[in-house]
Amino acid sequence: MLSGQLLRRLGSMATRVCLSPGSAGPGPVGPVEAAIRAKLEQALSPEVLELRNESGGHAVPRGSETHFRVAVVSSRFEGMSLLQRHRLIHETLSEELAGPVHALAIQARTPAQWRENPQLDTSPPCLGGSKKTRGTP
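The name given to the protein in an unreviewed UniProt entry is BolA-like protein 1, and the organism recorded there is Octodon degus. Here is the UniProt Subunit (unreviewed entry) comment for the protein, exactly as written: "Interacts with GLRX5." One UniProt comment on the protein, placed under Function (unreviewed entry), says "Acts as a mitochondrial iron-sulfur (Fe-S) cluster assembly factor that facilitates (Fe-S) cluster insertion into a subset of mitochondrial proteins. Probably acts together with the monothiol glutaredoxin GLRX5. May protect cells against oxidative stress."

(A) Region of the structure containing the packing of helix α2 (residues 31-44) against helix α3 (residues 82-92). Across the interface, α2 lies against α3 with an axial gap of 10 Å and an inter-helix angle of 125°. Taken together, the axes of α2 and α3 are oblique relative to one another. Where α2 crosses over α3, the handedness of that crossing is right-handed. Across the interface between the two elements, Lys39, Leu40, Ala43 and Leu44 of α2 pack against Leu88, Ile89 and Thr92 of α3. Its residues assigned to classes, the contact of α2 with α3 comprises five nonpolar, one polar and one charged.

(B) Main features of the nonpolar core. Grouped together as the largest cluster of nonpolar side chains are 17 residues, with contacts concentrated most on Ile36, Leu40, Val70, Val72, Ile89 and Leu104. Counting residues per element, the ones that place at least two in this core are α2, β1 (48-53), β2 (67-73), α3 and β3 (103-109). For this core, the element with the highest residue contribution is α2, accounting for four residues. With residues near it in sequence (within four places) discarded, leucine 104 still touches Phe68, Val70, Ile89, Leu93 and Leu97. The next biggest cluster of nonpolar side chains, apart from the first, holds five residues, and it includes Val48, Ala71, Val73 and Trp114.

(C) Summary view of the sheet that holds β3. Across the sheet, three strands lie side by side as β1-β2-β3; this open sheet has mixed pairing. At either end of the open sheet lies a strand with only one pairing partner, and these are β1 and β3. The mean angle between the axes of side-by-side strands here comes to 10°, regardless of whether they run parallel or antiparallel. As paired elements, β1 and β2 share six bridges and run antiparallel to each other. The partner of glutamate 50 across the bridge, within β2, is alanine 71. Seen against the sheet, α2 touches β1 and β2 and runs at an angle of roughly 160° to β1. The strands touched by α3 are β2 and β3; relative to β3, the strand with the most contacts, the crossing angle is about 130°.

Thresholds applied
Residues numbered from 1 in each chain as written. Predicted model: local features only at pLDDT ≥ 70, side-chain atom pairs only at ≥ 80, totals over all residues. Heavy atoms only, no water. UniProt positions renumbered as here; feature names shortened; annotations may be inferred. Axes fitted to C-alpha atoms, helices over the stretch in contact; angles between N-to-C directions. Helix = DSSP H or I, 4+ residues; strand = E, 2+ residues; numbered from the N terminus. Parallel < 35°, antiparallel > 145°, perpendicular 65-115°, else oblique. Left-handed = near helix turned anticlockwise from the far one by under 90°. Contact = heavy atoms within 4.5 Å. Nonpolar A, V, L, I, M, F, W, Y, C, P; charged D, E, K, R; others polar. Core = buried A, V, L, I, M, F, W, Y, C linked by side-chain atoms within 4.5 Å. Buried < 20%, exposed > 50% of the residue type's maximum accessible area, 1.4 Å probe, protein only. Pairing = 2+ DSSP bridges.

Structural data, given as structure tokens:
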């Protein structure tokens, strides 16, 4: 049985953390996605955290956790340049970026910036393969 304190914490998180429709794909959330979500929540106390596993749109095996898109809205970003925000996220997720995560698209905004444009960008479709296999220089 969950304690009252844990229930209040989960309720608080539910008001701030958004899971975009279809972000977890057809199956359960994998360990890499769960780790990314937990680390960003811990480090940034975001008002909004939208995380999409976009691996299914790339040339990787089914069920992979290699390509992600994240939108993080946090007051911690106030006064920081976009580069500083990205560096903070990269530092937070250094273990995942050194291992299983191949690509991470980041939208890091302040609460005021998110209110102006609360949209999560979409990624272009994967071209498949590499530049060598596509004949691109």
